[in-house]
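Per-entry structural report
Chain by chain, the residues:
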Amino acid sequence: MKRFFLLFSFILLTFLTINDIQAQTKSGKGFYVNTVIIDAGHGGKDPGAVAAKVQEKDITLAIAKKLGNKINKEYPDVKVVYTRDKDVFIELHRRASIANKNNGDLFISIHCNAAKNSEASGTETWVMGLEKTKDNLEIVKKENEAILYEEDYEDHYDGYDPNLPENNIIFSLYQNVHLDQSLNLSSKIQNQYVSNKKRNRGVKQGPFLVLYRVAMPSILTEIGFISNASDRAYINSSKGQEEISESLFKAFSEYKKEVEEKNNKVKPVVNVPVNEDVKESKENTSNKVTETVVTKKSDKEKSKETNKETKTVTTNNKIVYKVQFLTTTSKINTKSSEYSKLKNIEYYEQDGKYKYTAGIFDTEEKARAYKQEIAKYGFKDAFIVKFQSGNRVQ
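One structure accompanies this document, and this report is about it. (Residues numbered from 1 in each chain as written. Predicted model: local features only at pLDDT ≥ 70, side-chain atom pairs only at ≥ 80, totals over all residues. Heavy atoms only, no water.)

**Some details on the overall build of the chain**
Within the chain, the secondary structure is distributed over 12 helices and 16 strands. Put simply, the chain has 394 residues, and 51% of those count as buried. Residue pairs at least 24 apart in sequence account for 75% of intrachain contacts in the chain once pairs closer than 6 positions are excluded. Summing over all exposed atoms, the chain offers an accessible surface of approximately 19300 Å²; the carbon and sulfur share of this is 49%. (Helix = DSSP H or I, 4+ residues; strand = E, 2+ residues; numbered from the N terminus. Buried < 20%, exposed > 50% of the residue type's maximum accessible area, 1.4 Å probe, protein only. Contact = heavy atoms within 4.5 Å. Areas by Shrake-Rupley, 256 points an atom, 1.4 Å probe, with all protein chains shown as cover.)

Quick look at the structure:
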C-alpha cells in the first residue's frame, strides 16, 4: 500500500508539474535567458564529498560566485540568483523553489564527484532523466543523500528514500519538457571542459532530486573527482577554479546567444520513409509540408534511378500537430520493430540533434489522443509539438 501511495503521489506531482511547465512554454518562456539560477552544491552541515580535508561545499561555492560575477560583468541585464552565497545548508527542495519563484530561465548546479576508485577522474554533466547503470546510479544516490540532512525529508519528497534503489525508477514517470535545452547546454559545457584538456566523461541522464522540480532547462555538472589527487589539486586551486568558471561562462554565453537568435526557428521537417514500396500522402493538402515519397517502379526503372523523390505541397499556412517521441544525436532506424506501430514518422533537426515525431493532425485534441495511444507502446515521455509551413512553432 505504501509503495502504491508513493507511486500515485509521483504521478500526480508529475502531472501538475508538466502542466505548469507547458503553460510557461506556451507563453514563450525558455527562449530568452533573462534570469539564471546558480546552485552551489551542498553547504553548511552537509560538506558533500570530502578528501584530504578538502570539502566539496567550499569548492562549489567559490566557482558559483566566480561564474555569477562573470555573467554580471558581461550581461548586466541578466539577473543572477544564487541558491546560496555563503556556507549554509539549503534543502534540495528549497533550491528548486528558489529557482521557480524567481522565474529562472536556466538552472546550473555545480558539484564535485567522488569514487571509491581513486584513479577515477574527469568531468561529466547531467540532465534530469532515468539512468539504469549501476555505476551511474551510485553517483545519483550520493548526490540525493543530501536530503538525509533535512528534517522530515519524507514529507518534502513524497516518501522518497535514497537508500531504496527502486525509488529511482519512479523518476521514469517524470517528463522533462526542457530536455532538449538541457542537453544542449550540457554538451556545450563538456566541450568547454575538453578545450581545457580535461577528461570528458560525457553528458548523462539521472534522477537527481535537485533537478526534478525545477521548471526550466537545468543541468548538474560534476567538475572533477575530489577523490582523485590530480583532480582535487586542480579544482581546489585558484587557477583551476578560474578555468572551470570560465568554461561554464563560455558555455552559458553560447547557449544564451543560440537560443535567443534562433528563437524556435528550426530546419524544415523531413519525412522518414516507411518500410513499404508504396506510400500515399495522408497529409492535409491545405498545408505546406516537405515529404519523401516512395513510388512503385518496375525493376528496369529501379536499375536506372532511385525510387525516392522529394515532393512539396504548397497551399496556405494551416497549423498541424504532431507527437514528438524521441530526441537523439544520431539518426535512428525507423524500420526497426520498436517503431513499427507508429505512423507518419518524421524528424527535424535542432541544436545538432534529430527530433522524431509521429502522426500529423489538424487539431490538438487528435494529437493528444494519439499521444495517449503511443504511450501504450512504451513512449510515455512523448509530447505534442505544433508545426506551420514545415517549421516547428511550439
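**A closer look at the pattern of salt bridges**
In this structure the tally under the stated criterion is 14 salt bridges. Ionic pairing is found between E124 and K204, a salt bridge with its closest N-O pair at 3.0 Å. With E124 in strand β6 (residues 123–128) and K204 in strand β7 (residues 200–206), the pair connects residues that are 80 residues apart, well separated along the chain. Assigned by exposure class, E124 and K204 land together as buried. Put simply, K70, E242 and E246 are held in one network by salt bridges that share partners. (Salt bridge = Lys/Arg side-chain N within 4 Å of Asp/Glu carboxyl O.)

**Quick look at the pairing of strand β5 (residues 106–113)**
Burial of β5 is extensive: 8 of the 8 residues sit out of reach of the surface. Taking every second residue as pointing to the same face, both faces of β5 are buried, with L106, I108, I110 and C112 on one and F107, S109, H111 and N113 on the other. As defined by bridge partners, strand β1 (residues 35–40) adjoins β5 across 5 bridges and the pair is classed as parallel. Across the sheet, residue I38 finds its bridge partner in β5, namely I108. Pairing between β5 and strand β8 (residues 218–225): 6 bridges, direction parallel. Bridged to I108 within β8 is I219. (Pairing = 2+ DSSP bridges.)

**Let's talk about the side chain of E222**
Within the secondary structure, E222 sits in strand β8. Judged by its relative accessible area of 0%, E222 falls in the buried class. Here N113 takes part through its backbone nitrogen, which lies 3.1 Å from a polar atom of the side chain of E222. (Polar contact = N/O pair within 3.5 Å; in protein donor to acceptor, adjacent residues only side chain to side chain.)

**Quick notes on the sheet that holds β8**
Strand order across the open sheet formed by 6 strands is β4-β1-β5-β8-β6-β7, with mixed pairing between neighbours. The open sheet has two edge strands with one neighbour each: β4 (79–82) and β7. Each strand of the sheet is rotated relative to its neighbour by a mean of 20°, with strand direction disregarded. Here β6 runs beside β8; their pairing, made up of 3 bridges, is antiparallel. Counterpart to W126 in the pairing with β8 is L220. Most of the contacts of helix α2 (residues 56–74) go to β5, to which it runs at about 145°, and overall it touches β1, β4, β5 and β8. Lying on the sheet, helix α3 (residues 92–101) is in contact with β1, β4 and β5; it crosses β1 at an angle near 165°. (Axes fitted to C-alpha atoms, helices over the stretch in contact; angles between N-to-C directions.)

**What about the nonpolar core?**
V36, I71, I110 and I223 are the most contacted members of the largest nonpolar core, which has 36 residues in total. Counting residues per element, the ones that place at least two in this core are β1, α2, β5, α7 (179–195), β8, α9 (229–235) and α10 (238–262). With 7 residues, the single largest contributor to this core is α10. I223 has contacts with I59, I63, I110, H111, C112, G122, T123, Y193, I235 and I244, leaving out every residue within four places of it along the chain. In this structure, Y321, Y339, Y347 and Y354 belong to the second largest nonpolar core, which totals 17 residues. (Core = buried A, V, L, I, M, F, W, Y, C linked by side-chain atoms within 4.5 Å.)

**Some details on unusual backbone geometry**
Positive phi values are uncommon outside glycine, yet A52 reaches one of about 50°. The class for A52 is exposed, based on a relative accessible area of 60%. Phi angles above zero are rare outside glycine, and K53 is one such case at about 65°. Among the structural elements, K53 can be located in the loop between β2 (50–51) and β3 (54–55).

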